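Chain residues, written in single-letter form:
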Amino acid sequence: MEKRIESDSIGSMEIPQDAYYGVQTLRAVENFQITGHKIHSVFIKNLVLVKKAAAITNMKTNSISKETGNAIIQACDEILSGKFSDQFVVDAIQGGAGTSSNMNVNEVIANRATEILGGKKGEYIVHPNDHVNKEQSTNDVVPTAGKLSVMDLLKNLIKEIELLQIALRKKEKEFHNIIKMGRTQLQDAVPMRLGQSFGGYAAMLNKDLYRLKEAYKEMIWVNLGGTAIGTGINTSREYFENVVPELCKVTGYSELNQADNLFDSTENLDGFVAVSGAIKTCAMNLSKMCSDLRLLSSGPRTGIGEINLPPRQNGSSIMPGKINPVIPEVVNQVAFLIVGHDATIAMAAEAGQLELNAFEPVLFYTLFESITSLTGAVNTLTRNCIEGITANKENCTAHLEQSIGIVTALCPIIGYQKSAEIAKKALKTGKTIRQLVLEEKILSEQECDKILDPKSMTGYIR
């Protein structure tokens, strides 16, 4: 393989001649073989968009020539179209507060822009630092690209949760007339409608959507223009005031704003903690719901068996015919993953010192994975589980008739103590509450029909 020599402040290295990355990228590859996962593709896209916005602004302020600026813009557009994806080779977790990611992008853009102007890779007619990174720092580029990436990923997650909510509302209506026993602490409680279970889950998602949308708003305040620590050193006034409006144009996010206090925005990552918290809360809610679905579908002969989950795959390599609730199970596992990531994100945010937090790489790695994993989990939950759930009406009715929970409706009429006595007698004799009430002539048949009607116990349906 042909090589070229490139140098940095550490020394010289041989770079593959065909590589668009350069010496700083290769040094990072040698230093950070950590996860085996490269920089997230959405993060790369947003780093490139930041570079494009900076180049456009620098051209307008005459900080770089139009020839250089247009070459940078063309290189950015080519990357955004899907080219050169194999050139972003740095591990997602790295030391240096994301400098390796920033320089990987700078070098690829610079070498491609150099080619566009007739040069060869490594000649750097367009320089990674002097041109592509002009009036920028890793410390304002990386947090800005991170926020843009979270916004991109959250939009997809929110869309999937809204589709899940629609599916749950449909099941709420479909199962409205099926009466079953509610349970508290895994014990019989009082009657309810099967549709009410799904309505409760749909309402739960209202809160999650609200929290996610509020957390999303944390991301619109960026520190681009603040450079190293928030002072804006090495930027012109024109660049400082215009780079974020230009970023709005190239990203399509018109709501972006330069943070009011760039010191705060550069050194503090609390906005990402807020996003992670909203994601974790949503994951916990979905995991609880999926555990409910597994319980309600347990069986098929010896469990609760009030609902049937759509069969998705064989459940055992040894037990023929066994079908497991694999979709709810994977949602549970994603929730476990997200809880761990949330702890990592909290620790990374806390660990920053003075004017910079150096631990954004691990924060972004885990946060991006949390959002992406939850998006995938919600997608498969909706399409491969919720939409195909059916009710086992016979089991719902059988459990209802065998339960003593309806005795609760007698409390206002005969009191708690007498109701408890009837409940104990029902358990001991195997007779139903209705049978005992009629035998002891506590109520007439007409009164029984009215008071012990399970439908009347299911609340006020709006």
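Since we're looking at a predicted model, the values are computed, not measured.

Engineer: In this structure, what is going on with the overall build of the protein? I would like to understand it.
Structural biologist: Counting secondary structure elements, the protein contains 17 helices and eight strands. Here the C-alpha atoms of the protein give a radius of gyration of 30 Å, more than 25% beyond the 23 Å that 2.2 N^0.38 yields for 462 residues. For the protein, the spread of C-alpha atoms along the three principal axes comes to 100 × 50 × 35 Å. Across the protein, contacts joining residues at least 24 apart in sequence account for 71% of those joining residues at least 6 apart. Accessible area of the protein: about 21,800 Å², with a carbon and sulfur share of 51%. With 48 positive and 52 negative side-chain charges, the protein shows a spacing of 10 Å between the two charge centroids.

Engineer: Even after reading the chapter, I still don't get the packing of helix 11 (residues 326-350) against helix 12 (residues 360-384), so can you show me in this structure?
Structural biologist: For any two helices packed against each other, one specifies the inter-axial angle together with the distance between the axes. Across the interface, helix 11 lies against helix 12 with an axial gap of 9 Å and an inter-helix angle of 160 degrees. As far as their axial angle goes, helix 12 and helix 11 are roughly antiparallel. Every pair of crossing elements has a handedness; the one defined by helix 11 and helix 12 is left-handed. Residues I327, V330, V331, V334, L337, I338, H341, T344, I345, A348 and A349 of helix 11 touch helix 12, and the partners they reach there are V362, L363, T366, L367, E369, S370, S373, L374, A377, T380, L381 and N384. Classifying every residue of the contact of helix 11 with helix 12 by side-chain character gives 15 nonpolar, seven polar and one charged.

Engineer: Could you clarify how one ought to interpret the state of the cysteines in this entry?
Structural biologist: In this structure the tally under the stated criterion is zero disulfides. No disulfide involves C76; its nearest neighbouring cysteine sulfur is the one of C248, lying 17 Å away. Looking at C282, it has no disulfide partner, and the nearest cysteine sulfur is the one in C290, 11 Å off. C282 sits in the buried class, given a relative accessible area of 0%.

Engineer: So what exactly am I meant to see when it comes to the pattern of salt bridges here?
Structural biologist: Side chains that carry opposite charge are capable of pairing whenever their charged atoms lie near each other. Enumeration over the complete set of coordinates arrives at 24 salt bridges. E78 serves as the salt-bridge partner of R112, at 2.6 Å between the closest nitrogen and oxygen. One end of the pair, R112, is in helix 4 (residues 99-116); the other, E78, is in helix 3 (residues 66-80), with 34 residues separating them in the sequence. Residue K418 pairs with E421 through a salt bridge whose shortest N-O separation is 3.9 Å. Of this pair, K418 and E421 both sit in helix 15 (residues 416-429), three residues apart, which is roughly one turn of that helix. Residue classification places K418 among the partly exposed residues on the basis of a relative accessible area of 31%.

Engineer: Just to check I follow, could you spell out the layout of surface pockets for this structure?
Structural biologist: To locate leftover empty space, one rolls a probe as large as a water molecule over the atoms. Its volume calculated, the largest pocket comes out at about 400 Å³. Taken together, 17 residues form the lining of the largest pocket, with S297, S298, G299, P300 and I323 sitting closest to its centre. Taken together, the residues of the lining of the largest pocket break down into seven nonpolar, eight polar and two charged. Roughly 280 Å³ of volume is contained in the second largest pocket. If you go around the second largest pocket, you meet 15 residues; those closest to its centre are R183, Y201, K288, D292 and L296.

Engineer: Teacher, can you tell me more about the packing of aromatic side chains here?
Structural biologist: Enumeration over the complete set of coordinates arrives at seven aromatic pairs. Aromatic side chains F198 and Y201 sit 6.0 Å apart centroid to centroid with 80 degrees between the ring planes, which places their arrangement in the edge-to-face category. Of this pair, F198 and Y201 both sit in helix 7 (residues 194-217), three residues apart, roughly one helical turn. In this structure an aromatic cluster arises from ring pairing among F43, F272, F364 and F368. One cation-aromatic arrangement involves K121 over Y20; the distance from NZ or CZ to the ring centre is 4.5 Å.

About the criteria used
Position numbers for residues start from 1 in each chain and track the written sequence from start to end. At least 70 in pLDDT is required for a residue's local features to be given in this predicted model, at least 80 for side-chain atom pairs to be given and counted, and no such filter applies to totals for whole chains, interfaces and linings, which use all residues. The side-chain figures draw on all heavy atoms in the structure; neither hydrogens nor water molecules are used. Segments assigned H or I by DSSP are reported as helices when at least four residues long, segments assigned E as strands when at least two residues long, and all are numbered from the N terminus. Just to be clear, the radius of gyration here is over C-alpha atoms, and the globule rule we use is 2.2 Å times residues to the power 0.38. Contacts: residue pairs with any heavy atoms within 4.5 Å of one another. Calculation of accessible area relied on Shrake-Rupley with a 1.4 Å probe; when residues are assessed, cover is drawn exclusively from the protein chains displayed. Only four residue types enter the charge count, namely Lys and Arg as positive and Asp and Glu as negative; His and the chain termini do not. To locate a charge, take NZ of a lysine, CZ of an arginine, CG of an aspartate or CD of a glutamate. The axes are straight lines fitted to the C-alpha atoms, using for helices just the contacting stretch, and the angles between their N-to-C directions are given from 0 to 180°. Throughout this description, any angle smaller than 35 degrees is read as roughly parallel, any larger than 145 degrees as roughly antiparallel, any in the 65 to 115 degree range as roughly perpendicular, and the remainder as oblique. Crossing chirality is assigned from the near helix's rotation relative to the far helix, an anticlockwise turn below a right angle marking it left-handed and a clockwise turn marking it right-handed. Any residue that is not Ala, Val, Leu, Ile, Met, Phe, Trp, Tyr, Cys, Pro, Asp, Glu, Lys or Arg is counted as polar, Gly included; the first ten are nonpolar and the last four charged. By definition, disulfides here are pairs of cysteine sulfur atoms that lie within 2.5 Å. Each residue is assigned to one of three classes by its accessible area relative to the maximum for its type, calculated with a 1.4 Å probe on protein chains only: buried under 20%, partly exposed between the two thresholds, exposed over 50%. By convention in these notes, a salt bridge is any Lys or Arg side-chain nitrogen within 4 Å of a carboxyl oxygen on Asp or Glu. Residues are called lining when one of their atoms sits within 4 Å of a cavity or pocket point, these points coming from a 1 Å grid over the protein atoms alone, where a cavity is a set in which a 1.4 Å probe fits but cannot get out and a pocket is an open set with protein on both sides within 12 Å along at least five of seven lines. Grid points are joined across faces, edges and corners, and a volume is the space filled by probe spheres set on the points. Only the six-membered ring of Trp is used, alongside the rings of Phe and Tyr, when aromatic pairs are assigned; centres must lie within 6.5 Å, and planes under 30 degrees apart are stacked while those over 60 apart are edge-to-face, with the rest tilted. Each ring is checked for a lysine NZ or an arginine CZ that lies within 6 Å of its centre and within 35 degrees of its normal; such an atom marks a charge sitting over the ring.

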